[in-house]
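# Summary of structural features
Take a look at the letters that make up each chain.
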Amino acid sequence: MNRVMRRLGLAGLTLAMAATAAATDISQTPGHDYVYVQATMSKDIWIVDGVSFQIAGHIPVGDYTDDVIGSPDGKTAYGNAQISSGNPLSWEINEAGKVFAIDTATDKVKWSTFVEGSPHHLAVSPDGSRLYVPLFNRAYLLVLDARSGQLIDRWHTGLGNHTLVMSKDGKRLYVGSMIMDRIWVYDTSAGPGGKIVKSFPAGDAVRPLVLDPEEKNVIYQIDRFHGFKVRDVNTGAVVRTVDLPPMSSDIKIPETYPYTVDHGLGITPDGTKLLANA
């Protein structure tokens, strides 16, 4: 049984493949592929049959969901949500959130952890033991025990933490910032407080990022740009800038923060294709 879960981040939703899921709205089959989809504005997670694409389940969350990813063995889906502070300007201006784990066999919440700060896109270690939580409005990211949700450590960083990606061996964690316009690389074995071993300028606010299959380059999207950049992880040099096909004339570039043009990158499981959402 293939129990590996994968994620593809998109604007407004995130997908996580799960090999098992509970019977909720319609009958589900153990060992079948299901897609967990977070929907921000409806504050919930939907489960979609990975073959028929029919709705197979629904998990109410109650707060603005931001991300959902899968554990390496497919038994758990990890999600987060941002709790509105009541700011009349926007629900996105918030000071707190929650991170939670869902048992994909029952679709029940296994644990939920309150966090001070606005949680953004998550990452889990290859061995499934640690969950990494970037906080947009805090100068640190959180390291949680993936099995219990307990806080293990806080790693020093800058503001604007948005997207994380983990190396296959779990030794490096890449963090993209929307405020510092940088990509930081952490040594995950460095001990308390975290250790940044490399830092790259990104050119603008970093949105989604992924590593290529050989992990020689980091591929990322930035604000105000319709396309993506490819940067060498060793030298930090930009090796390629890719413009996506022009958008139609009726689509306008945002004139206010956060200036998001494209949001969503994913590499197919066979490592042959890069999916770039515009």
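In short, a report on the structure. (Residues numbered from 1 in each chain as written. Predicted model: local features only at pLDDT ≥ 70, side-chain atom pairs only at ≥ 80, totals over all residues. Heavy atoms only, no water.)

## Details of the packing of aromatic side chains
What counts, and what does not: The pairing test for Phe, Tyr and Trp rings, Trp by its six-membered ring, is centres within 6.5 Å, and the orientation test on the planes gives stacked under 30 degrees, edge-to-face over 60, and tilted for anything in between. Working definition: helices are DSSP H or I runs of at least four residues, strands are E runs of at least two. Numbering for both runs from the N terminus. Exposure categories follow from relative accessible area, calculated using a 1.4 Å probe and restricted to protein chains: below 20% of the type maximum is buried, above 50% is exposed, and the middle band is partly exposed.
Enumeration over the complete set of coordinates arrives at five aromatic pairs. Note on tryptophan 155 and tyrosine 186: the rings are 5.4 Å apart at their centroids and 20° apart in plane angle, and the pair reads as stacked. Taken together, the residues span a long stretch of sequence, with tryptophan 155 in strand S13 (residues 151–156) and tyrosine 186 in strand S16 (residues 182–187) at a distance of 31 residues. Given a relative accessible area of 0%, tyrosine 186 falls into the buried group. The interplanar angle of 90° and the centroid separation of 6.4 Å between the aromatic rings of tyrosine 257 and tyrosine 259 together place this pair among those described as edge-to-face. On the accessibility criterion, tyrosine 257 (48% relative accessible area) is partly exposed. Among the aromatic residues, those joined into a cluster by ring pairs are Tyr132, Trp155 and Tyr186.

## Focus: the side chain of serine 177
So the rule is basically this: Polar contacts, as used here, are pairs of N or O atoms within 3.5 Å; protein pairs need one atom able to donate a hydrogen and one able to accept it. Residues neighboring in sequence count only if both atoms are side-chain atoms.
Structurally, serine 177 can be placed in strand S15 (residues 172–177). Among the polar contacts made by the side chain of serine 177, one reaches the main-chain carbonyl oxygen of leucine 159 at a distance of 2.7 Å. Among the polar contacts made by the side chain of serine 177, one reaches the main-chain amide nitrogen of methionine 180 at a distance of 2.8 Å.

## A few points about the pairing of strand S12 (residues 140–145)
Our working rule: Following DSSP output, two strands are said to pair if at least two bridges run between them.
Where strand S11 (residues 130–134) lies against S12, five bridges are found, and the strand directions are antiparallel. Its bridge partner lying in S12, valine 133 is registered against leucine 142. Hairpin geometry of S11 and S12 is characterised by an intervening segment of five residues between the two adjacent antiparallel strands. When S12 meets S13, the two strands line up antiparallel, connected through five bridges. Bridging from a neighbouring strand, leucine 141 pairs with tryptophan 155 of S13. Once S12 ends, the chain turns through five residues before running back antiparallel as S13, passing glycine 149 with a positive phi of about 85°.

## What to know about a nonpolar patch on the surface
In plain terms, the rule: Patches draw on residues past 30% relative accessible area with no salt bridge. Two like charges within 9 Å are joined, as are two nonpolar side chains (Val, Leu, Ile, Met, Phe, Trp, Tyr) within 5 Å. Calculation of accessible area relied on Shrake-Rupley with a 1.4 Å probe; when residues are assessed, cover is drawn exclusively from the protein chains displayed. By salt bridge we mean one thing: a side-chain nitrogen of Lys or Arg within 4 Å of a carboxyl oxygen of Asp or Glu.
Residues Leu159, Ile179, Met180 and Tyr257 make up a contiguous nonpolar surface patch of roughly 370 Å² in combined accessible area. Position of isoleucine 179 relative to the elements: it lies in the loop between S15 and S16.

## Quick word on the sheet that holds strand S10 (residues 123–124)
Here we have four strands laid out as an open sheet, ordered S10-S11-S12-S13, and antiparallel in their pairing. For this open sheet the edge positions go to S10 and S13, each flanked by a neighbour on one side alone. Across two bridges, S10 lies against S11 in antiparallel orientation. Bridge pairing links alanine 123 to tyrosine 132 in S11.

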